[in-house]
Amino acid sequence: MSASKRIVKELTEVTSNPPAGTKVQLVDESDVHVWEVLLDGPEQSVYAGGHFKLLLTLPKDYPFKPPVLNFQTKIYHPNVSNDDKGSMCLGMLRSDEWKPPNKLMAVINMARNLLIEPNPDDAVETAIADQYKSNRQEFEKTARDWTKKFAGRK
Amino acid sequence: MDSDDEMNSVVSSEDDFMAGPDSEDSMGEGSDLDFEDDEPDIGFDTHEKDVKPAKHAYEVDFKVFGPDEIQSHQDRQIEEVSNILGQPPEASAILLRHTRWNKERLIEQYMDKRDEVLEGAGLGDDVAGSPRIAKVPGFTCDICCEEGPDMETFAMKCEHRFCVDCYKQYLCGKIKEEGEAARIKCPGDGCNRIVDSKSLDLLVTTDLKERYQELLTRTYVDDRENLKWCPAPNCIYAVECPVKKRDLSKIVPTVHCSCKHSFCFGCSLPDHQPAPCALVKKWLKKCEDDSETANWISANTKECPKCHSTIEKNGGCNHMTCRKCRHEFCWMCMGVWSEHGTSWYNCNRFEEKSGSDARDAQAKSRQSLERYLHYYNRYANHEQSAKLDKDIYLKSEKKMTQLQSSSGMSWIEVQFLDSASQALQQCRQTLKWTYAFAYYLARNNLTEIFEDNQKDLEMAVENLSEMFEKPVDQLQSLKREIMDKTTYCTKRRVILLDDTAENLKQGNWEFNVALT
Ligand SMILES: [Zn+2]
Ligand SMILES: [Zn+2]
Ligand SMILES: [Zn+2]
Ligand SMILES: [Zn+2]
Ligand SMILES: [Zn+2]
Ligand SMILES: [Zn+2]
């Protein structure tokens, strides 16, 4: 059984009706398993003004396994690993929480919502999460600095 | 069980598992007892159930179970519940798994609201609603987006309907790749309904059903707080111990599996007595975070403090003698060795500088680093020394075998070396964790006793360790001495562990971090 029908359907939906501030396209037209998501930092967040490039990779047994989400643009965020992978892995992106009917549209929305409101209780970067909880001002300053430095318009 | 009597419960468990028909063959407890008692009055096992060997404060009750025993105990529970509820064994098994083998809660709830309990476990006897495969006109599968009048679909009572192919693939992935069994959820978005075995029977193939059964047996152990799989690779045994999570600030429950592996029942890490689980976790995290600072310590070579020639450490012993200038010094503190064998030996103790010395922030942080390194040094050194001792032993063993064949000594006569090596390993394991323990210890009137015990064990271990570096042809004549030193080491270890465990039980230690 091939999942291509499902994937193509999802892609059509997302490209024709993208969530606010996002743009989705295939990295390579011949491979529906790798999506590029361009995400504008939401206005009400510390990432405002930034343009973030994300990679959504669908495993070969998608949708039975969750997609993998990586920030290709460096970002200061408790839920994004601060390394060359920039991985975000929480909530429905975890294999024990992912359900096959879940849609990539929901994944993109979740990523966007996490920029507005990070989830420090389920963090990959515990130091950033601690700072977010105990010294919000300092966190916001660094997040803004990084946004300016790494996610400014090219 | 009240939390007040929790420590008593550690010793005398009323749990039925212990009192099962095979409880007389207490497995596993032997390995640790081999060197422990130098009083000969206990003799060999009396095989009388009511005569319990005197137990040390640091020991806990436990029992090791093989696969057959686990299965038969599971079967007994199912049979018992089946008799009480009047449900067939198959259904009773489902109900028990559904309540995570909490028999009492199951029976209580069943008496209270039978239909709801059956329903919740996917056993509702409403025939019309029981799951089956059906074709539904105009249906599109939300997983594969396929549709068509001939498509077979399936849904449980929650009515989250998907095509049979997708349902099957979902279950297959859960069972085969994720190893789930008793709690596979409905594939529906946000639905927590458990896929019951009736539904599973309809959808999966025979080989998958077998794997499913296997996994169910595993969940039996996973679901019970008083049972744990031995963490040694490929080990098939499970260990039962009555120590609960909430007891872990009062006791360090080391258990000994039949495969010879000793591990902590609380956190499954290798034996870490006397340090409680919470401290071990904090300590390991700290060591990981500070690994760069501490890396230089693991170096195998240092300079002689007198003539500065390079000295390599070959064995576990800390008593170093410079080949060049014959200066004798301590590998740990680099101090003169002659001061170590006497009563003012305090290589193990960290001397806090008085408050005035550490007034400014920089000095404070330097002192806290020094303090950490003091303990880390000793911790890491014992880990390393245990390995070096073992290397030396393996070399000696080879030579002993040669000696044995040339001198006509019997195999049994060289076993003292084996016992000595094991005692050394065990004592170093304990010593290693005493330093993590001491790092978190806040000073009170008990600290000194602890440090004295630690020092005594250190000296006993060093004395024995030194023996291992003697040339092989001398070993035979040192047999008596080595055996005495082995006994003494083991005795010092028991004293230290006993005292630490007793005070932990009483809540007498003060730590500079929370024990949670
Ligand atoms: Zn389908
Ligand atoms: Zn459902
Ligand atoms: Zn084992
Ligand atoms: Zn533990
Ligand atoms: Zn020298
Ligand atoms: Zn020393």
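Structural notes, computed from the coordinates. (Residues numbered from 1 in each chain as written. Chains lettered and ligands numbered in written order. Predicted model: local features only at pLDDT ≥ 70, side-chain atom pairs only at ≥ 80, totals over all residues. Heavy atoms only, no water.)

1. Structural notes on the interface of chain A and chain B
Between chain A and chain B, the contact holds 14 residues from the first and 20 residues from the second. Summed over both partners, the interface of chain A with chain B comes to about 1,500 Å²; 54% of that surface belongs to carbon and sulfur atoms. Of the charged contacts, one joins Lys-103 of chain A and Asp-142 of chain B as a salt bridge, the two residues approaching to 3.1 Å between their closest N and O atoms. On the surface where chain A and chain B come into contact, there are 7 residue pairs in polar contact (both at pLDDT 80 or more). Within the side of chain A that touches chain B, the residues separate by chemical class into 5 nonpolar, 2 polar and 7 charged. (Contact = heavy atoms within 4.5 Å. Buried area = accessible area lost by both parts, 1.4 Å probe. Salt bridge = Lys/Arg side-chain N within 4 Å of Asp/Glu carboxyl O. Polar contact = N/O pair within 3.5 Å; in protein donor to acceptor, adjacent residues only side chain to side chain. Nonpolar A, V, L, I, M, F, W, Y, C, P; charged D, E, K, R; others polar.)

2. So, the sheet that holds strand β1 (residues 22-26) of chain A
To summarise the sheet geometry, strands pair through backbone hydrogen bonds and adopt either a parallel or an antiparallel arrangement. All names here are of chain A. In space, the 5 strands of this open sheet follow the order β1-β2-β3-β4-β5, with antiparallel pairing throughout. Bordering the open sheet on either side are β1 and β5 (87-88), each of which pairs with just one other strand. Here β1 pairs with strand β2 (residues 34-40) via 5 bridges, running antiparallel. If you follow Thr-22 over to β2, its bridge partner there is Leu-39. (Pairing = 2+ DSSP bridges. Helix = DSSP H or I, 4+ residues; strand = E, 2+ residues; numbered from the N terminus.)

3. Here's the deal with the sheet that holds strand β1 (residues 63-65) of chain B
Residue and element names in this part refer to chain B. The sheet built from 3 strands is open, its strands ordered β1-β6-β5 with antiparallel pairing. Of all the strands in the sheet, just β1 and β5 (227-229) have a single pairing partner and so form its edges. Sheet twist, expressed as the average angle between the axes of neighbouring strands with direction ignored, equals 30°. In terms of strand pairing, β5 meets strand β6 (residues 238-240) through 3 bridges, oriented antiparallel. Its bridge partner lying in β6, Lys-228 is registered against Val-239. Relative to the sheet, helix α3 (residues 67-85) contacts β1, β5 and β6, its axis offset from that of β1 by approximately 90°. Against the sheet, helix α9 (residues 206-223) engages β5 and β6, with an angle of about 125° to β5. (Axes fitted to C-alpha atoms, helices over the stretch in contact; angles between N-to-C directions.)

4. Regarding the packing of aromatic side chains
The tally for this structure, following the rule as stated, stands at 26 aromatic pairs over all chains. Centre to centre, the rings of Tyr-132 of chain A and Phe-139 of chain A are 4.9 Å apart; their planes meet at 90°, and the pair counts as edge-to-face. Since its relative accessible area comes to 9%, Tyr-132 of chain A is described here as buried. Between Phe-154 of chain B and Tyr-167 of chain B, the aromatic rings sit 4.9 Å apart at their centres with planes inclined by 90°, giving edge-to-face as the arrangement. In this pair, Phe-154 of chain B is assigned in strand β3 (residues 152-154) and Tyr-167 of chain B in helix α7 (residues 164-177), connecting sequence segments 13 residues apart. A single burial state applies to Phe-154 of chain B and to Tyr-167 of chain B, both of which are buried. Seen from the ring of Phe-265 of chain B, Lys-228 of chain B lies directly overhead, with NZ or CZ sitting 4.6 Å from the centre. One cation-aromatic arrangement involves Lys-286 of chain B over Tyr-372 of chain B; the distance from NZ or CZ to the ring centre is 4.5 Å. (Phe/Tyr/Trp six-rings, centres within 6.5 Å; stacked < 30°, edge-to-face > 60°. Buried < 20%, exposed > 50% of the residue type's maximum accessible area, 1.4 Å probe, protein only. Lys NZ or Arg CZ within 6 Å of the ring centre and 35° of its normal.)

5. As for the pairing of strand β3 (residues 51-57) of chain A
All names here are of chain A. Summarising the sheet, β2 and β3 pair through 7 bridges and their orientation is antiparallel. Across the sheet, residue Glu-36 finds its bridge partner in β3, namely Leu-55. Note that β3 and strand β4 (residues 68-71) share 4 bridges and pair antiparallel. In the strand pairing of β4, Leu-55 is matched with Asn-70.

6. Describing the pattern of salt bridges
Counted under the stated rule, the structure contains 25 salt bridges over all chains. The residue Arg-6 of chain A makes a salt bridge to Glu-10 of chain A at a minimum N-O spacing of 2.8 Å. Of this pair, Arg-6 of chain A and Glu-10 of chain A both sit in helix α1 (residues 4-16), separated by 4 residues, roughly a single helical turn. Among the salt bridges present, the one from Asp-484 of chain B reaches Arg-480 of chain B, with a minimum N-O distance of 3.2 Å.

7. Quick notes on the nonpolar core
In terms of nonpolar packing, the biggest core is built from 39 residues, with Trp-35, Phe-52 and Met-88 of chain A touching the most fellow members. For this core, the secondary-structure elements that each account for two or more residues are α1, β1, β2, β3, β4, α2 (104-116), α3 (126-134) and α4 (136-151) of chain A. Among the elements that take part in this core, α2 of chain A stands out by supplying 7 residues, more than any other. Not counting chain neighbours up to four residues away, the residues in contact with Phe-52 of chain A comprise Val-37, Leu-38, Leu-39, Gly-41, Tyr-47, Phe-71, Thr-73, Lys-74, Ile-75, Leu-115, Thr-147 and Ala-151 of chain A. In this structure, Cys-163, Tyr-170, Ala-181 and Ala-182 of chain B belong to the second largest nonpolar core, which totals 29 residues. (Core = buried A, V, L, I, M, F, W, Y, C linked by side-chain atoms within 4.5 Å.)

8. Thoughts on the coordination of the zinc ion (ligand 2)
Residue and element names in this part refer to chain B. Listed as protein donors to the zinc ion (ligand 2) are Cys-158 (SG), His-160 (ND1), Cys-186 (SG) and Cys-191 (SG); their distances from the metal cover 2.0 to 2.4 Å. In this structure, the zinc ion (ligand 2) is surrounded by 4 donor atoms whose angles at the metal cover 99 to 116°, and the resulting shape is tetrahedral. Here the donor residues for the zinc ion (ligand 2) map to a single chain with the spacing C-x1-H-x25-C-x4-C. You can see His-160 sitting in the loop between β3 and β4 (162-163) and its partner Cys-191 sitting in the loop between α7 and α8 (197-203), a full 31 residues away along the chain. Under the relative-accessibility criterion, His-160 is labelled partly exposed at 26%. (Donors = N, O, S within 2.8 Å, 3.2 Å for Na, K, Ca; no water. Tetrahedral: all angles 85-135°; square planar, octahedral: opposite > 155°, others 65-115°.)

9. With respect to the pairing of β4 of chain A
Pairing between β4 of chain A and β5 of chain A: 2 bridges, direction antiparallel. Counted as the bridge partner of Asn-70 of chain A is Ser-87 of chain A from β5 of chain A.

10. Quick look at the coordination of the zinc ion (ligand 3)
All names here are of chain B. Around the zinc ion (ligand 3), the donor atoms from the protein are Cys-230 (SG), Cys-235 (SG), Cys-257 (SG) and Cys-259 (SG), and they sit 2.2 to 2.3 Å away. One can describe the site at the zinc ion (ligand 3) as tetrahedral: its 4 donor atoms subtend angles covering 106 to 117° at the metal. Read in sequence order, the donor residues for the zinc ion (ligand 3) give the motif C-x4-C-x21-C-x1-C. Taken as a pair, Cys-235 in the loop between β5 and β6 and Cys-257 in the loop between β7 (254-256) and β8 (262-264) lie far apart in primary sequence, 22 residues in all. By relative accessible area, Cys-235 is classed as buried at 17%.

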